[in-house]
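Now for the letters of each chain:
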Amino acid sequence: MKPLFAFYRTRIAVVLCFTVVLAMLVSCQVDQSPNVDDTGTSSLVSTDMKDTETDMTETKDTETPEPDSGTTDDEDYYGNLVDQTMKSDYKLEYLRDGEWIEYDVLALKTTRTVHYRWDVFEGGFADLYTEEDSLRIRVSKSGVSDWTIRPAENVSDWKEIGRNKVEFTLKNQGVVSLEPNGHLYKNLLIRLSSPMDQEDTGSVECSRVIRLGPGIHEYGNNARITKVDGNPTFRLKGGEHLILEEGAVLRAQILIETAVNVAITGGGIIDLLEFNPENCLNDGKNPTYPFGIRFTNSKNLYIAGVTIRNSCLFTCSGAGSQNIEIRGIKTFTGAQNGDGINFHGCSNITVSDCLLRNSDDCIAVYSSVADARNISVSNCVLWSDSAHAINIGTHGSSNPNNRHYIEDVTFSDIYVPECCCFSDEYWGVIGLTMGDENICRNLTFENFKVDNITQSRLIDIKIVKLDLWNPRPGYLIEGIHIKNIHYNGDNKNGSVIFGYDEERIVRDILIEDLYINGEKMTSLEQAGIVTNNFTSDVKIK
């Protein structure tokens with residue numbers, strides 16, 4: 001009975017944890033249209049914020065919180081971790097002006113799940129920038145007899161130097177996974193892109209700039225970092241632009257509540273690894289752990305460039321918010337409920353150029369607190385070690401008299417190196433798991449490249465009532481277009497498209513230009529796609 005007890009204890013812990021998470025997300029929801037004063041700052045400011053933070057009513061000003069972080073040239077800190085305990089045992093060098101320059105690789109916690117057992121490993125990440133078309137790179141690691149790199153088309157001039165070292169040229173705007181001895185969880189992810197302008201706030205107009213320069217910023221050495229639910233928290237108010245400069249390490253979650261016009265940019269790191277207990281579940285004791293970035297009931301947000309390292313819960317999550325742009329962020333998790341980017345009842349969203357390796361869903365769209373519509377995700381790398389790459393629809397209103405809609409959503413130009421989960425309830429690179437009376441319509445998934453998925457399936461579209469999450473099943477899925485999908489790998493689990501019953505159906509699904517191992521699929525049977533009696537008008541061409 002011990003394994004069975006452990007199984008249910010863990011499931012209970014997951015439910016408790018998600019209940020706390022959802023409560024945290026919606027606890028600050030006051031109004032879908034927050035009142036904002038002329039400076040862009042919400043008039044709904046919590047009393048504890050007033051008590052613990054310096055008054056920030058001045059406009060068009062720049063703040064450097066204590067201690068003085070300075071504004072040292074980012075070039076001095078490029079590739080140099082200010083805390084060497086964050087450094088992995090990979091050695092990486094890049095070639096510039098004929099000289100090989102060492103770059104500190106950021107260590108990451110990765111996990112492999114097998115029937116609720118979490119095996120922990122250490123991987124690495126390097127975020128490189130260049131104005132050139134490519135960059136020459138050397139990587140070495142002790143104990144390696146064989147290297148795998150993918151996708152191969154992102155590199156050229158590969159050569160091995162001795163037993164433990166490789167050298168290659170990486171294309172600009174490319175991401176590669178370098179896997180020592182074929183190990184997926186001890187791998188090094190390298191991202192190469194053009195430098196991002198940290199002063200840019202997109203279409204968001206901010207009136208105050210806060211700079212965190214190179215160094216460690218944590219509770220006790222920065223007056224803006226307070227405690228919320230026991231967690232170190234950096235609150236941002238309406239009109240504020242937080243710049244995490246290259247070399248800056250923020251050991252606190254960022255919280256945005258009922259605010260308008262807020263930006264977070266820069267090449268710095270939000271580092272939450274030290275807040276990770278084992279599995280981040282604490283044996284089911286209603287854990288509250290810091291997110292990476294959390295926003296609720298807010299409008300006009302711009303988040304770009306930052307790296308979020310190993311939060312226990314969602315790395316970037318919002319509820320009841322609108323007009324959001326997320327660009328070029330990198331997020332990594334290694335614990336249960338370690339989702340990447342989650343939206344609960346948010347609309348008018350653009351996500352682009354992101355790298356997400358997560359131990360739960362990489363990107364999830366729910367309608368827990370409101371309808372979710374007008375969402376575009378493009379040019380992203382999604383690697384899920386323990387759930388869906390994309391999950392849409394699990395959580396909604398659960399009210400048959402007030403069904404919420406998820407509609408007009410597009411995912412395009414997506415690369416999925418891996419997608420794995422031990423439970424088939426959470427399978428799917430493209431996962432539409434419609435519960436809680438949700439209505440889902442007008443979704444497009446196009447231009448996907450998917451490598452071999454260890455334990456999942458390519459397409460999982462179904463109306464469900466998951467015992468763990470859903471008081472009621474979903475209501476309707478319709479108008480789904482899946483186009484130009486290239487999957488290279490084992491298709492042993494096939495794909496499913498299932499309605500729930502005669503009332504709760506799936507209809508109008510078009511799959512176009514689906515290639516499996518280079519061969520175009522011309523029938524559902526050939527593609528391994530199974531439907532049930534509660535679907536209609538499912539076509540492949």
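Since this is a predicted model, take the numbers as computed values, not measurements.

**Q** What exactly am I supposed to notice about the packing of aromatic side chains here?
**A** One pair of aromatic rings is described through two measures. These are the centre distance and the angle between the planes. Summed over the entire model, instances satisfying the criterion amount to nine aromatic pairs. Look at phenylalanine 121 and tyrosine 185: their rings are 5.7 Å apart centre to centre, the planes differ by 25 degrees, and that puts the pair in the stacked class. Taken as a pair, phenylalanine 121 in strand S5 (residues 117–129) and tyrosine 185 in the loop between strand S10 (174–180) and strand S11 (188–193) lie far apart in primary sequence, 64 residues in all. Comparing phenylalanine 121 with tyrosine 185 shows no difference in burial state: the two are buried. The interplanar angle of 70 degrees and the centroid separation of 6.4 Å between the aromatic rings of phenylalanine 445 and phenylalanine 448 together place this pair among those described as edge-to-face. For the pair phenylalanine 445 and phenylalanine 448, a shared accessibility class is recorded, and that class is buried. The ring centre of tryptophan 383 lies 4.1 Å from the NZ or CZ of arginine 357, which sits over that ring. Residue placement shows arginine 403 over the ring face of tyrosine 475; its charged tip is 3.6 Å from the ring centre.

**Q** Sorry, what's going on with unusual backbone geometry here?
**A** Residues other than glycine predominantly adopt negative phi, and peptide bonds predominantly adopt the trans conformation. Note that the residue after arginine 150, namely proline 151, is joined by a cis bond; omega there is -5 degrees. As for its position among the elements, proline 151 is in the loop between strand S7 (147–150) and strand S8 (155–161). A positive phi is found at asparagine 261, a non-glycine position, where the angle reads about 65 degrees. By the secondary structure assignment, asparagine 261 is in strand S19 (residues 260–265).

**Q** How do you make sense of the pattern of salt bridges when you look at a structure like this?
**A** Oppositely charged side chains can pair when the atoms bearing their charge come close. Applying the stated rule across the entire model yields 32 salt bridges. A salt bridge links glutamate 102 to lysine 87; its shortest N-O distance comes to 3.6 Å. Linking glutamate 102 in strand S3 (residues 99–103) with lysine 87 in the loop between strand S1 (61–63) and strand S2 (91–96), this pair joins segments that are 15 residues apart in sequence. The class of glutamate 102 is partly exposed, set by a relative accessible area of 39%. For glutamate 437, the salt bridge identified is with arginine 472, shortest N-O distance 2.5 Å. One end of the pair, glutamate 437, is in the loop between strand S34 (430–434) and strand S35 (439–450); the other, arginine 472, is in the loop between strand S36 (459–463) and strand S37 (476–487), with 35 residues separating them in the sequence. Taking relative accessible area as the criterion, glutamate 437 reaches 0% and is therefore assigned buried. The exposure class of arginine 472 is partly exposed, given its relative accessible area of 31%. The network of salt bridges with shared partners includes Asp83, Arg251, Asp271, Glu274 and Arg309.

**Q** Can you walk me through the sheet that holds S3 in this structure?
**A** Two pairing modes exist for strands in a sheet, parallel and antiparallel, and in both the strands are linked by backbone hydrogen bonds. Spatially, five strands are ordered S3-S2-S6-S9-S8 in an open sheet, and the strand pairing comes out antiparallel. What marks the edges here is a single partner per strand, and that holds for S3 and S8. Averaged over all pairs of adjacent strands, the angle between strand axes in this sheet comes to 25 degrees, irrespective of strand direction. Summarising the sheet, S2 and strand S6 (residues 134–140) pair through four bridges and their orientation is antiparallel. Residue pairing for S6: lysine 91 is matched across the bridge by serine 140.

**Q** Help me understand the side chain of serine 177 in this model?
**A** In this fold, serine 177 is placed in strand S10. Polar side-chain contacts of serine 177 include one of 2.7 Å to the side chain of glutamate 179.

**Q** What am I meant to see in the environment of threonine 265 here?
**A** With respect to the helices and strands, the residue threonine 265 is situated in strand S19. Since its relative accessible area comes to 1%, threonine 265 is described here as buried. Sequence-distant contacts of threonine 265, defined by excluding residues within four places in its chain, comprise Gln198, Asp200, His241, Leu242, Ile243, Leu244, Tyr302, Ala304 and Val306. Here the side chain of threonine 265 touches glutamine 198 through a polar contact of 2.6 Å, landing on its backbone oxygen.

Conventions used here
Residues numbered from 1 in each chain as written. Predicted model: local features only at pLDDT ≥ 70, side-chain atom pairs only at ≥ 80, totals over all residues. Heavy atoms only, no water. Phe/Tyr/Trp six-rings, centres within 6.5 Å; stacked < 30°, edge-to-face > 60°. Helix = DSSP H or I, 4+ residues; strand = E, 2+ residues; numbered from the N terminus. Buried < 20%, exposed > 50% of the residue type's maximum accessible area, 1.4 Å probe, protein only. Lys NZ or Arg CZ within 6 Å of the ring centre and 35° of its normal. Salt bridge = Lys/Arg side-chain N within 4 Å of Asp/Glu carboxyl O. Pairing = 2+ DSSP bridges. Axes fitted to C-alpha atoms, helices over the stretch in contact; angles between N-to-C directions. Polar contact = N/O pair within 3.5 Å; in protein donor to acceptor, adjacent residues only side chain to side chain. Contact = heavy atoms within 4.5 Å.

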